[in-house]
Amino acid sequence: MEKYSLWSLAKHALSDHKGWTPAWRNAPPKKRYDVVIIGGGGQGLATAYYLAKKHGITNVAVLEKGWLGGGNTGRNTTAIRSNYFYPESSNFFDHSLCLYEGLSLELNYNIMFSQGGALTLAHTPHQMDMLERWSNSLQLQGVDAEMMTVDKISTRLPLLDTSREARYPILGGFIQGRAGVARHDAVAWGYARAADNLGVDIIQNCEVIDILQSSGRVQGVKTSQGIIQADKVAIAVAGNTSVMAEMTGIKLPIVSAALQAMVSEPIKPVLDGLVVSPTVHAYISQSDRGEILMGGRADAYPSYGQRGSLPALEDVISAVLNMFPSFSRLKLMRQWAGIVDLSPDTSPILGKTPVTGLYISCGWGTGGFKAIPAGGDTLAYTIANDKPHDLIAPFGLDRFAKGRFINEAAAAGVDH
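Residues numbered from 1 in each chain as written. Predicted model: local features only at pLDDT ≥ 70, side-chain atom pairs only at ≥ 80, totals over all residues. Heavy atoms only, no water.

A. View of the nonpolar core. Among the nonpolar cores identified, the biggest contains 38 residues, and Tyr-100 and Tyr-191 are the most heavily contacted of them. Those elements that place two or more of their residues in this core are β1 (32-38), α2 (42-55), β2 (60-63), α3 (87-101), α4 (103-107), α7 (184-197) and α10 (372-385). Each residue touching Tyr-191, except ones within four places of it in the same chain, is listed here: Leu-45, Ala-46, Tyr-49, Tyr-50, Leu-103, Leu-107, Ile-372 and Pro-373. Formed by 28 residues, the second largest nonpolar core is a distinct cluster that contains Val-36, Ile-228, Val-237 and Leu-358. (Core = buried A, V, L, I, M, F, W, Y, C linked by side-chain atoms within 4.5 Å. Buried < 20%, exposed > 50% of the residue type's maximum accessible area, 1.4 Å probe, protein only. Helix = DSSP H or I, 4+ residues; strand = E, 2+ residues; numbered from the N terminus. Contact = heavy atoms within 4.5 Å.)

B. Fine view of the packing of α3 against α10. Between α3 and α10, whose axes approach to 7 Å, the crossing angle comes to 105°. With respect to their mutual orientation, α3 and α10 come out roughly perpendicular. Contacts from Phe-92, His-95, Ser-96, Leu-99 and Tyr-100 of α3 reach α10 at Ile-372, Pro-373, Ala-374, Gly-375, Asp-377 and Thr-378. Here the residues of the contact of α3 with α10 are counted per class, giving six nonpolar, four polar and one charged. (Axes fitted to C-alpha atoms, helices over the stretch in contact; angles between N-to-C directions. Parallel < 35°, antiparallel > 145°, perpendicular 65-115°, else oblique. Nonpolar A, V, L, I, M, F, W, Y, C, P; charged D, E, K, R; others polar.)

C. Local environment of the side chain of Asp-345. Inspection of the secondary structure assignment puts Asp-345 in the loop between β16 (332-342) and β17 (349-352). In contact with Asp-345, other than residues within four places in its own chain, are Arg-399, Phe-400, Phe-405, Ile-406, Asn-407, Glu-408 and Ala-409.

D. A look at unusual backbone geometry. At Ala-238, a residue that is not glycine, the phi angle is positive and equals roughly 50°. With respect to the helices and strands, the residue Ala-238 is situated in the loop between β11 (226-235) and α8 (241-246). Of note, the phi angle at Thr-346 is positive, near 60°, even though the residue is not glycine. Within the secondary structure, Thr-346 is located in the loop between β16 and β17. Residue class for Thr-346 comes out partly exposed when judged on its relative accessible area of 25%.

E. Fine view of the sheet that holds strand β14 (residues 282-286). Taking strand neighbours across the sheet as the criterion, the eight strands line up as β5-β6-β4-β13-β14-β15-β12-β16 in an open arrangement whose pairing is mixed. The sheet is open, and its two edges are formed by β5 (146-148) and β16, each paired on a single side. Averaged over all adjacent pairs, the angle separating strand axes in this sheet is 20°, with direction ignored. Judged from the ten bridges that link them, strand β12 (residues 255-264) and β16 form a sheet pairing that is antiparallel. Across the sheet, residue Ser-264 finds its bridge partner in β16, namely Leu-332. (Pairing = 2+ DSSP bridges.)

F. Just the packing of α2 against α7, in detail. Contact pair α2 / α7: the axes reach a minimum separation of 9 Å and the direction vectors enclose 30°. When the axes of α2 and α7 are compared, the crossing they make is left-handed. For the pair α2 and α7, the contacting residues are Leu-45, Ala-46, Tyr-49 and Tyr-50 in the first and Ala-188, Tyr-191, Ala-192, Ala-194 and Ala-195 in the second. Partitioning the contact of α2 with α7 into residue classes produces nine nonpolar, no polar and no charged. (Left-handed = near helix turned anticlockwise from the far one by under 90°.)

G. Spatial organisation of α3. With 15 residues, α3 extends 20 Å between its outermost C-alpha atoms, agreeing within 8% with the 21 Å of an ideal straight helix rising 1.5 Å per residue. Taken residue by residue, α3 has Ser-89, Ser-90, Phe-92, Phe-93, Asp-94, Ser-96, Leu-97 and Tyr-100 as its buried positions. (Expected span 1.5 Å × (residues − 1).)

All we've got here are geometric facts, nothing functional implied.
This is the structure in C-alpha cells:
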C-alpha cells in the first residue's frame, strides 16, 4: 500500500480523478424493485440504508430528479438537537441525536459532527418562565437541558450583547449541551455510499412523473427514464411532497415555503455552538470553515423557489445584528433557500397512507436535517413491517382527522 505523504496527496490532487473509485454506482434502473424511494436527500438515502442494513431488503431504488443532496439536505443550517417540548417529539429527535453521535463510525464516513450545544435565549419574564417549563420537561424525559443566567451566557458568548441597553435585553436561557451541527453534504454522501455498498441502486437525474396504482394499491412509478414497477413506494421529497401526493389523489395538510439562510466571510472562532432567539427570529452558528451561519423566519407566502426574498433576508440580518452588533463589519458571502413543508402543528407526517404500499416522510418544516437518521430508521421499519414504528406512530397522517395534534411551534426555534 502506498505510504501517504504530501507528495502522494499532491499527485492524487493533480491526477484529474483518473483511477478513482466512485463513492456509489451510477446504476441504471431495473424494471422492478421491492421498494422505490422517491427523493435522494438525507431522508430518502437513510431510509434505503436502514432497509438494507436492518431488514435485509436490498432490492431498493432511490430516485432523484437532480443530484443527491441538492434539495433541502444541502440547503439548511445543519442544526441537530432534541430539545422539543412534548415527549413524542423529544423521544424521536433524541433517538436521531443518539444515531448522529455514532454515525461517522456507523457509516465509516466523517460527517464532521460538532457538539457545541444549542442555547435558546429569553428576553422577557414570560419567556424565562416558558424556558424553565421546557427545560424541566426535557429533564423529566431524560434529555439533557440546563438553565443559564445572563452572566453564564455572557462568559460563554462574549460578543453577544447582554447589556441592559440592548434592543432586546437577554434575561437568561437554556442550553442542550449535546446538540450541534454536522456537514450536510457528508451526511448525504455517507448514507449514499453505505447504501450502495449494500446493493441499493441510486439513480440520479430520474424524475418521477406519476405514481402508478390500481385498486387502491401502489404499482410503481413512471419516470423520465421509463416505468419502474415496485411493491412499495416511499415519498421523501420535502417541500414537493404535496405535489407528489396529489398524483395518487391524496391531499396533504402542508404548506410549502422558502426558508433561507446565509453565511458571512470566514473569521476566527468566536461562537461556541448554536444560538437561537425566538423573539428576534434568528439562529446563528459558526461553521468549521469560520463562516457565520445565519437563518431565521420562513418567507411569509407559499413558494417552491429556492431563492427566498429580500425582506426575509433583511429581517434575519437585522435580528443577528441586534444580538451581535460587531458582526456588522462582516461581509455577506452567499445566500440560499430550501423549500420547507409546514404542517398545521409544526410536526412531521410519517408512515402509511390511504394507498396500500405508499409511505410518506414529510412535514418536517425546519427539522428535516436533524431527523435524518431517526426518520430513515423508523420509516424503514414501517415499510419493512407495514406498520408504524412506535416512535412515529403519533405522527401518522390520521392524527389530523382524530385531532391528536402535537403542537411544536415554539420548539421549532423561531415562529414560522
